[in-house]
Each structure stands twice: as structure tokens, then as C-alpha cells.
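So the chains spell out like this:
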Amino acid sequence: MTANLLDFDLDGLAAFCDQLGEKRFRATQLFRWIHQRGESNFDQMTDLAKSLREKLKVHAHVAGLSVLSRHDSADGTIKWLFNVGDGNAVEAVFIPEDDRGTLCISSQAGCAVGCRFCSTGHQGFSRNLSTGEIVAQLWFAEHFLRRHLNTPDRVISNVVMMGMGEPLQNYSALVPALKTMLDDHGYGLSRRRVTVSTSGVVPMMQRLSQDCPVALAVSLHAPNDPLRDNLVPLNRKYPIAELLDACNQYLEFAPRDFITFEYCMLDGVNDTPEHAQQLVKLVRQHATGKGVWCKFNLIPFNPFPASGLLRSPAPQVQAFAKILLDAGIVTTVRKTRGDDIDAACGQLAGDVRDRTRVNERIAQQRTIVLKPVTDLTANNKEA
Ligand code: SF4
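What you are looking at is a predicted structure, and each value in this text was computed from that prediction instead of being measured.

1. Here we look at the site of the ligand
Stage number 1. In the neighbourhood of the ligand, the contacting residues comprise C111, V113, G114, C115, C118, G121, G165 and S199.
Stage number 2. Spatially, the ligand is embedded in the largest cavity.
Stage number 3. Across the shell around the ligand, the residue classes tally to four nonpolar, four polar and no charged.

And the structure:
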């Protein structure tokens with residue numbers, strides 16, 4: 001079996017090239033061809049020695065994911081459903097804004113955490129994605145978008161690991177994927193613009209702070225343990241106090257000086273003034289003494305029948321936000337994007353739950369072959 005080069009970060013590719021008797025600078029050239037130019041055909045990599053190209057044809061390949069479907073929202077959001085084999089599919093969503101292009105990608109087919117308000121959680125867990133399958137979502141989307149928008153410049157400026165799956169439960173595949181996103185010879189994204197979202201896998205948060213500290217978002221969703229035990233079952237293993245201590249430790253290494261807490265607003269469940277006051281108390285108890293250490297992102301819930309939950313009415317969300325804001329806590333209410341294509345948060349499993357539909361699409365699918373695009377020149381690293 002030949003190696004899929006999307007599975008390697010630059011160090012991994014250098015080790016692979018070393019096995020082929022090639023120097024590290026060849027790995028760098030190869031890495032740039034693949035990630036910056038979107039090239040998968042070794043014959044097109046014209047500045048590589050012919051002998052290396054011949055070796056690569058024997059020992060390696062560059063395999064992306066095949067697209068089962070694409071949905072374009074009226075607001076510019078694009079959602080892709082990718083086939084990952086054995087009747088499994090994962091989704092990635094591109095969200096364009098005036099000053100950025102964000103890609104939300106998946107780390108697992110399904111998810112084992114089983115949050116009550118999340119349609120992916122209700123689907124159950126199928127398997128971890130490989131590094132190559134995580135990176136392939138970005139690889140495909142970036143080069144598709146450049147062709148689609150007819151631009152040689154980078155389109156995706158931010159990546160959020162907020163699609164299907166708990167990224168920190170797929171740690172060994174996640175870290176090389178993050179390193180590829182950050183690498184100047186890969187996508188050159190700033191650490192501040194790559195966000196891992198976790199439901200609170202405390203030991204892995206500590207490891208991530210050492211191995212690849214990118215921005216961190218934590219799915220909090222409740223201000224006390226009994227409620228969080230119910231909404232985010234992982235809380236029974238890593239309760240809130242332990243989670244917030246881990247957040248504070250992460251901050252010592254994080255590229256941003258705050259953690260984002262995601263809070264899905266569920267009508268009558270976690271959205272009362274008392275819940276907001278409990279959150280204020282929690283934030284104060286865990287303050288570092290260095291000013292703002294967290295921000296809240298209140299997320300309108302996207303109801304789906306199996307959840308038995310409802311979206312909080314807008315005035316309730318505003319009243320909740322006001323209590324946090326009055327206490328000096330930076331709070332935003334997430335705009336819903338891509339509602340018309342079920343691309344909003346928590347809806348990513350919408351197409352995937354029904355395996356029959358996935359299998360029908362697999363039967364109908366066409367593989368999309370990427371063409372090379374102009375070399376990447378823009379560097380979007382921000383201060
Ligand atoms: S919210 Fe995240 S961690 Fe929870 S079930 Fe959904 S994908 Fe898994």
C-alpha cells in the first residue's frame with residue numbers, strides 16, 4: 001500500500017522522504033505543491049527531480065475525499081458532505097464574512113460524547129478520521145474556492161474544529177493536521193485563527209497546550225454540574241471546576257489571552273436569569289487576576305425532533321446576555337448562518353443521520369479532481 005501524503009505534516013513528510021533517500025528540502029517542495037498549489041499529480045510537480053517523481057509514483061499518492069453533495073446558502077455559506085467510506089460521511093462548512101473566510105471542519109465520523117442538544121451526538125460514533133481526512137477537508141475547500149471565486153489568493157483565513165466529532169478524542173490525528181494548517185509551507189494560518197473546540201477533555205487540553213497551542217473554545221452550556229452532567233455527559237468525568245482550572249492552565253500557553261465559552265441557549269433548560277448569575281459567579285471564582293480571561297458566545301439552538309429541546313426566544317437570550325455584560329463579561333450572540341442548508345451549529349449531522357440517503361449519494365457520487373492553482377502568496381498572519 002502506498003502512503004497518502006495528506007497524512008503527513010512537514011516533519012512526517014521529511015521522514016518519509018528520508019526513507020526514499022531524499023533530503024528535507026525536497027519534502028518542503030513537495031509539501032508546497034500539495035498544500036499551496038493543490039496539486040496531486042506528481043508529473044505536474046515540475047521542479048522535483050524526475051527520479052523523485054518516479055519514486056513517488058511507486059510509493060505514494062495524494063488522495064482527497066470525494067464529495068457526496070454541496071449546498072450553497074443564499075448568504076454565501078457552502079456546505080460539503082464528504083464520503084469517508086463504509087457508509088460514513090462528514091461535513092465541512094465555509095462561512096464567508098467581510099474580513100475573513102472561516103472553514104468549519106470535522107474530526108470524527110459521528111461523536112461519542114453524546115451532548116443532548118447536538119444532532120451529531122444523537123447519531124453515535126462511527127470512527128476517528130485520519131490526519132489526511134481532516135486535512136483533506138481544508139485542502140479541497142481552499143482550492144475549490146480559489147477556482148470558484150477565480151482568485152489566486154488564499155480564501156480560507158480561519159479554521160474552526162467545530163464540525164462533527166470531539167477533536168481531543170482524536171488527538172494523534174489532530175495534532176499533525178493542526179501543524180499542517182499552521183505551517184508556512186502549508187496553509188500558513190496564525191495560531192490565533194485556528195480554533196479547537198472541545199467539550200472538555202481535560203488531560204488532552206493540557207497536552208494540546210504543550211504540543212500545539214492554538215485558540216481554544218470550550219462547550220460549556222451549563223453553569224452547574226448537575227445540569228452539565230445532563231447536557232454534556234463528559235462532565236461526569238471532568239466536572240466544571242476541573243475544566244475551568246484546565247482552561248486557566250491552557251491560557252499560559254494559548255495564542256489568545258482568553259478562552260471562548262460556547263453556550264447553546266435551550267428554552268427553559270439553561271437560559272434563566274439564575275443560570276446567568278451562576279455563570280457570573282463561576283467566572284469570578286476562576287478569574288486569573290489578569291483581566292478578561294474568557295468570552296461567552298451564546299448560540300441559538302437549532303431544534304431537531306430527537307432532542308426534545310427548543311430554541312430560547314430572542315428576548316430571553318438578550319436578557320441572559322445583559323446579565324453577563326453588566327457583570328463585565330464579554331458576550332456575543334452568534335448569528336445563525338446557512339440556516340437554509342442546515343449548516344448552522346449542531347445541524348451538521350442532518351444529512352448524515354440517514355445512512356440510506358448517504359449510501360444513495362455514494363452510489364451517485366462523482367470524484368472531483370483538483371486542478372493546480374497559482375502559488376499562494378498572501379500571508380494572513382495577524383498580530
Ligand atoms: S457538541 Fe461536539 S462533543 Fe458534543 S456530541 Fe456534538 S460533536 Fe460531540
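2. A short note on the UniProt feature "binding site: S-adenosyl-L-methionine" (unreviewed entry) in the chain
Stage number 1. UniProt annotation of "binding site: S-adenosyl-L-methionine" (unreviewed entry) refers to G165, E166, S197, S219, L220, H221 and N302 when read in the numbering used here. Those annotated residues from the list above that line the largest cavity are G165, E166, S197, S219, H221 and N302.
Stage number 2. Along the chain, G165 turns up in the loop between β9 (158-161) and α6 (171-182).
Stage number 3. Among all residues touching G165, those that are not within four sequence positions of it are S107, Q108, G110, C111 and T120.
Stage number 4. Position of L220 among the secondary structure elements: in the loop between β11 (215-219) and α8 (225-231).
Stage number 5. Its relative accessible area of 1% is what places L220 among the buried residues.
Stage number 6. Every residue in contact with L220, bar those within four places of it in the chain, is listed here: R228, V232, L243, F261, E262, L279 and F296.

3. Considering unusual backbone geometry
Stage number 1. Phi is positive for N150, which is not a glycine, with a value near 55°.
Stage number 2. Along the chain, N150 turns up in the loop between α5 (131-148) and β9.
Stage number 3. A positive phi angle, close to 65°, is found at H221, a residue other than glycine.
Stage number 4. As for its placement among the helices and strands, H221 is situated in the loop between β11 and α8.

4. Brief notes about the UniProt feature "active site" (unreviewed entry) in the chain
Stage number 1. Under the feature "active site" (unreviewed entry), the UniProt entry names E91 and C345. Those annotated residues from the list above that line the largest cavity are C345.
Stage number 2. Its location among the elements puts E91 in strand β5 (residues 88-97).

5. Considering the environment of H221
Stage number 1. Judged by its relative accessible area of 3%, H221 falls in the buried class.
Stage number 2. A C-alpha to C-alpha distance of 5.5 Å links H221 and C264, two positions 43 residues apart in sequence.
Stage number 3. With near-sequence residues (within four places) excluded, H221 lies in contact with F117, L231, V232, E262, Y263, C264 and N270.

6. Focus on the sheet that holds strand β13 (residues 294-300)
Stage number 1. Spatial ordering of the open sheet is given by β3-β4-β5-β6-β9-β10-β11-β12-β13-β14, a layout of ten strands whose pairing is mixed. The open sheet has two edge strands, β3 (66-72) and β14 (330-333), and neither has a second partner. The sheet shows a mean angle of 20° between the axes of neighbouring strands, direction not considered.
Stage number 2. Sheet topology note: the β5/strand β6 (residues 100-104) ladder contains five bridges and is antiparallel. Paired with P96 across the bridge in β6 is G101.
Stage number 3. Sheet contacts for helix α9 (residues 240-251): β11 and β12 (259-265); angle to β12, the most-contacted strand, approximately 145°.

About the thresholds
Residues numbered from 1 in each chain as written. Predicted model: local features only at pLDDT ≥ 70, side-chain atom pairs only at ≥ 80, totals over all residues. Heavy atoms only, no water. Near = heavy atom within 4 Å. 1 Å grid on protein atoms, 1.4 Å probe; cavity = no way out; pocket = protein on both sides within 12 Å on 5 of 7 lines; lining within 4 Å. Sits in = over half its atoms within 2 Å of the grid points. Nonpolar A, V, L, I, M, F, W, Y, C, P; charged D, E, K, R; others polar. UniProt positions renumbered as here; feature names shortened; annotations may be inferred. Helix = DSSP H or I, 4+ residues; strand = E, 2+ residues; numbered from the N terminus. Contact = heavy atoms within 4.5 Å. Buried < 20%, exposed > 50% of the residue type's maximum accessible area, 1.4 Å probe, protein only. Pairing = 2+ DSSP bridges. Axes fitted to C-alpha atoms, helices over the stretch in contact; angles between N-to-C directions.

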